[in-house]
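One letter stands for each residue in the lines below.
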2 protein chains.
Amino acid sequence: MAIVVQKYGGTSVGDVDRMKRVADRVARSHRGGNQTVVVVSAMGKTTDELVDMAARISEQPPERELDILLTAGERISMSLLAIALAERGVPAKSFTGSQAGIITDAVHGKARIVDITPGRVQGALEEGNVVIVAGFQGVSQDTKDITTLGRGGSDTTAVALAAALGADVCEIYTDVDGVFTADPRIVHDARKLDYVSYEEMLEMSAQGAGVLQVRSVEFGRNHDVRIHVRSSFSYTAGTWVGPEEDKVEDAIISGVAHDTSEAKMTVHGVPDTPGVASRLFSALAQTNVNIDMIVQNVSSDGRTDISFTLPRGDQPQALSVLEPLANEIHAEGINVDDNIAKVSLVGAGMKTHPGVAAKMFGALSTAGVNIEMISTSTIRVSVVVSKDQVEQAVLAVHDAFDLADEQVAQESN
Amino acid sequence: MAIVVQKYGGTSVGDVDRMKRVADRVARSHRGGNQTVVVVSAMGKTTDELVDMAARISEQPPERELDILLTAGERISMSLLAIALAERGVPAKSFTGSQAGIITDAVHGKARIVDITPGRVQGALEEGNVVIVAGFQGVSQDTKDITTLGRGGSDTTAVALAAALGADVCEIYTDVDGVFTADPRIVHDARKLDYVSYEEMLEMSAQGAGVLQVRSVEFGRNHDVRIHVRSSFSYTAGTWVGPEEDKVEDAIISGVAHDTSEAKMTVHGVPDTPGVASRLFSALAQTNVNIDMIVQNVSSDGRTDISFTLPRGDQPQALSVLEPLANEIHAEGINVDDNIAKVSLVGAGMKTHPGVAAKMFGALSTAGVNIEMISTSTIRVSVVVSKDQVEQAVLAVHDAFDLADEQVAQESN
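Since we're looking at a predicted model, the values are computed, not measured.

All right, on to the overall build of chain A then. Along chain A, the regular secondary structure elements total 13 helices and 20 strands. Computed over C-alpha atoms, the radius of gyration of chain A comes to 23 Å, within 12% of the 22 Å expected from 2.2 N^0.38 for 413 residues, which places it in the range of a compact globule. Along the three orthogonal principal directions, the C-alpha set of chain A runs to about 75 × 55 × 35 Å. Taking contacts inside chain A between residues at least 6 apart in sequence as the whole, the part at least 24 apart equals 75%.

Scanning the model with the defined rule gives 38 salt bridges over all chains in all. The closest approach of N and O atoms between R303(A) and E332(A), which form a salt bridge, is 3.6 Å. On the criterion of sequence distance, the pair formed by R303(A) in strand 16 (residues 303-311) and E332(A) in the loop between helix 10 (315-328) and strand 17 (333-337) is long-range, its members being 29 residues apart. Looking at R303(A), the relative accessible area reads 28%, which means it is partly exposed. Residues K7(B) and D155(B) are paired through a salt bridge, measuring 2.8 Å at the closest nitrogen-oxygen approach.

This part is about helix 7 (residues 198-206) of chain B. The periodicity of an α-helix, 3.6 residues per turn, causes residues three or four places apart in sequence to face the same way. Residues and elements named next belong to chain B. Helix 7 sits mainly inside the fold: seven of its nine residues count as buried. Taken together, the buried positions of helix 7 are Y198, E200, M201, L202, E203, M204 and S205. Within two residues after helix 7, G208 carries a phi angle of roughly 115°, on the positive side.

On to the relation of the copies chain A and chain B, then. Each copy of the sequence occupies a distinct position, and chain A is placed on chain B by a rotation of 180° and an axial shift of 0.0 Å, giving an RMSD of 0.0 Å. Such values leave the two copies arranged in the relation of a two-fold axis. Across chain A, the rotation axis passes nearest the C-alpha of A72(A), at a separation of 2.7 Å.

Between chain A and chain B, the residue contacts involve 41 residues of the former and 41 residues of the latter. Considering only the side of chain A, the residues that lose the most area to chain B are I57(A), R75(A) and I83(A), jointly responsible for 22% of the buried surface there. Put simply, chain A and chain B have two salt bridges between them. For R120(B), the salt bridge identified is with D145(A), shortest N-O distance 3.1 Å. Where chain A touches chain B, the interface holds 16 residue pairs in polar contact (both at pLDDT 80 or more). Sorting the residues of the side of chain A that touches chain B by element identifies helix 1 (16-31), helix 2 (46-57), helix 3 (63-70), helix 4 (72-87) and strand 3 (92-95) of chain A as the ones contributing at least two each. With 11 residues, helix 4 of chain A is the largest single contributor of residues to the side of chain A that touches chain B. Each residue belonging to the side of chain A that touches chain B can be placed in one class, and the counts come to 23 nonpolar, seven polar and 11 charged.

All chains considered together, the criterion is met by four aromatic pairs over all chains. Arranged with centres 5.6 Å apart and planes meeting at 80°, the rings of F281(B) and F308(B) form a pair that is edge-to-face. Taken as a pair, F281(B) in helix 9 (residues 276-286) and F308(B) in strand 16 (residues 303-311) lie far apart in primary sequence, 27 residues in all. A relative accessible area of 1% means that F308(B) is categorised as buried. The side chain of R25(A) reaches across the aromatic face of Y235(A), ending 4.0 Å from its centre. Sitting over the face of the ring of F95(B), R64(A) holds its NZ or CZ atom 5.0 Å from the ring centroid.

Residues and elements named next belong to chain A. Across the sheet, four strands lie side by side as 5-4-7-8; this open sheet has mixed pairing. The open sheet terminates on both sides in strands that have one partner only, identified here as strand 5 (113-116) and strand 8 (146-148). Neighbouring strand axes in the sheet, compared pairwise and without regard to direction, differ in orientation by 45° on average. Judged from the two bridges that link them, strand 4 (residues 102-104) and strand 7 (residues 137-140) form a sheet pairing that is parallel.

The UniProt record marks residues 265-339 and 345-413 of chain A with the feature "domain: ACT" (unreviewed entry), using the residue numbering of this structure. A helix fraction of 33% and a strand fraction of 32% characterise residues 265-339 of chain A, whose end C-alpha atoms lie 11 Å from each other.

All names here are of chain A. Here chain A shows a mean pLDDT of 91. Residues at 70 or above account for 97%. Contacts from residues 407-413, a stretch scored under 50 in pLDDT, to residues over four places away or in other chains number seven contacts. What the predictor reports for the complex is a pTM of 0.83 with an ipTM of 0.79.

Contact geometry of helix 1 of chain A with helix 2 (residues 46-57) of chain B gives a least axis separation of 10 Å together with a crossing angle of 45°. In terms of orientation, helix 1 of chain A and helix 2 of chain B fall into the oblique class. Of the two elements, helix 1 of chain A crosses helix 2 of chain B, and the hand of that crossing is right-handed. Between helix 1 of chain A and helix 2 of chain B, the contacting residues are V16(A), M19(A) and K20(A) on the first element and M53(B), R56(B) and I57(B) on the second. By residue class, the composition of the contact of helix 1 of chain A with helix 2 of chain B is four nonpolar, no polar and two charged.

Each value, and the rule that gives it
- Residues numbered from 1 in each chain as written.
- Chains lettered and ligands numbered in written order.
- Predicted model: local features only at pLDDT ≥ 70, side-chain atom pairs only at ≥ 80, totals over all residues.
- Heavy atoms only, no water.
- Helix = DSSP H or I, 4+ residues; strand = E, 2+ residues; numbered from the N terminus.
- Rg over C-alpha atoms; globule rule 2.2 N^0.38 Å.
- Contact = heavy atoms within 4.5 Å.
- Salt bridge = Lys/Arg side-chain N within 4 Å of Asp/Glu carboxyl O.
- Buried < 20%, exposed > 50% of the residue type's maximum accessible area, 1.4 Å probe, protein only.
- Least-squares fit on C-alpha atoms with pLDDT ≥ 70 in both.
- Buried area = accessible area lost by both parts, 1.4 Å probe.
- Polar contact = N/O pair within 3.5 Å; in protein donor to acceptor, adjacent residues only side chain to side chain.
- Nonpolar A, V, L, I, M, F, W, Y, C, P; charged D, E, K, R; others polar.
- Phe/Tyr/Trp six-rings, centres within 6.5 Å; stacked < 30°, edge-to-face > 60°.
- Lys NZ or Arg CZ within 6 Å of the ring centre and 35° of its normal.
- Pairing = 2+ DSSP bridges.
- Axes fitted to C-alpha atoms, helices over the stretch in contact; angles between N-to-C directions.
- UniProt positions renumbered as here; feature names shortened; annotations may be inferred.
- pLDDT = per-residue confidence, 0-100.
- Parallel < 35°, antiparallel > 145°, perpendicular 65-115°, else oblique.
- Left-handed = near helix turned anticlockwise from the far one by under 90°.

So, in structure tokens, the structure goes:
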């Protein structure tokens, strides 16, 4: 008997009627003979509404309490789904993250899963129930406090549970048909990918493809969980995420991702002496700010500029540690630029194909897009451009590598 | 240092602004040097909205899941209040019923508290926090499932916590000034009582005075918790509930309670043989239906009618066990009357004053109110009348015993 973990996002359970449609889909999996575990997010905009209420009360709500507040939405959807399943004659039991044994560290707002003890989940499965688990939440190992896993955390809940239960597949249901070569809202002939490797998906998620949370892909890769990203509004196959070697397509490039949620921070006139950069970034690390691209200019007369990108929301924390430090090390100042976007080209194939970066830069300059920062990995090239030019940039790169070309898609199958 | 438990109902925390006012009041208690524990209900109509969503999905939602759903509201208010207190510089930690150690039996929807293990609450208090606890909920001893204590359950959470913590007082904040001699919406010159005994409060709550849940009063009496029922919209003293001997007033009667939430069920033509009644009511007991008044007619030619009142919502369960049973014992039929109301006269003084019942019945007949059922305790006389006549009945009885008369109030102080 197969074990299937399904995750439904906030849009899929956006209202009572959609909740019923999800129940139909889950019932179908259960009647098909699968041991089915369902991870649900909060309904539609519930979480945003809760955040808003907190904001009306305090500008800096205590993180422990904010986490308790934000976990309420998943409790509502998990119990409603269980009720909808019972109405369809399918026995179901719902569990909070804590009850499901999602054990995390104590970093409220972006806790990491450190262990999973799914005893109650397995027990309920063996009794023949569909098991519904609240996404996005866990309980801290040390303090026993309720924690949340950060935006998109339900993906991680699902993949982590799939790993712990040895599930055959983890289905991530969303409001799009799968992973595309680019955001279809920008690139109208973007193509749905049938299969991407964990590594490619990691890069695409990290670079702004909103479809899967980065940590969920890490979890999938580390525990070899087959992930199927698909639409909750159709029964067509979506995009499979798995190991590189299972990949059929041999396309050089998988897709273009973009991210407009970050800001660029520059520390000017940093004395170019050993250990300075490490002091800056270890200080930032302690604030749990996720630094992304880092660029250090060539130094001139003993001083240099250090730039990095970070989530726009993390700027206050970053500044609070950087400003005193900048004084200490006698830097000339800190500058923040919100008007940036990141465009990334991702493809495992580029490892063995030189000139990919050059071709990308060429396409951008032809499109009149200025490049502000560059960073690369073995399977990714990312550039920072002005936010006003992000669409031109994505279109230009997508076009330059013929990602829409159906021929390529055919051949590669 | 005094330990104070405060309970705020749904109206008191009805919206963000009211939540802030409650935070001011709690902060005042904390700054006054009290170790303060706050029990909160869900905001305004939240719980009703959740019930409504469930109803749109299923006519008979599984009780386990319904309880999980209904506890979401308290999580929202408890964390918002903690956030509001932090904003006022008051350290606060919120706990769910389960985290606060509210251990119950497994009767979902109307669970009973079987134990309280407030270790985490005491720990947080000793750290100098205001502790906020979600009302109305607990965790089942055997199944570890989330349970709810039934309507008004937050009162019981508060009094039970006060007992477990050895609190000096349990303040129940509501939207009225205290306990009145009758419902002020019906009797405009109803008088606020300064003090009522546990026994009187028990009878009044049981007979429909909505201000305190019956179980909370039982808890208060069994553990000698001083309860202060007062308004969250003013700082004037409310009504104290405590032991009979501390009572200063020597009024014969405390007040008139009424209840329009019940129905009357009659089993007709029951063979008048030993054990029949016991079979009926033990069957009902197993469905956890709360039977209230019971009247058995004088038997004629070997048969009798047995009538009882019960919460209107419990009629389906009651019928489901009574109908087969009525056939078994060859009763003639079952009849249900929704159009009834219960009017009760309560007062510890009536123990020693004969003729109270007679005076009450006299007042009712003068007012042209017909009496359908009668039941009495040492400190209460209850009658069932037609629902259309409940206001006349309450006014007539309140008037007959001069409960509004300020003179009486003065003399008795």
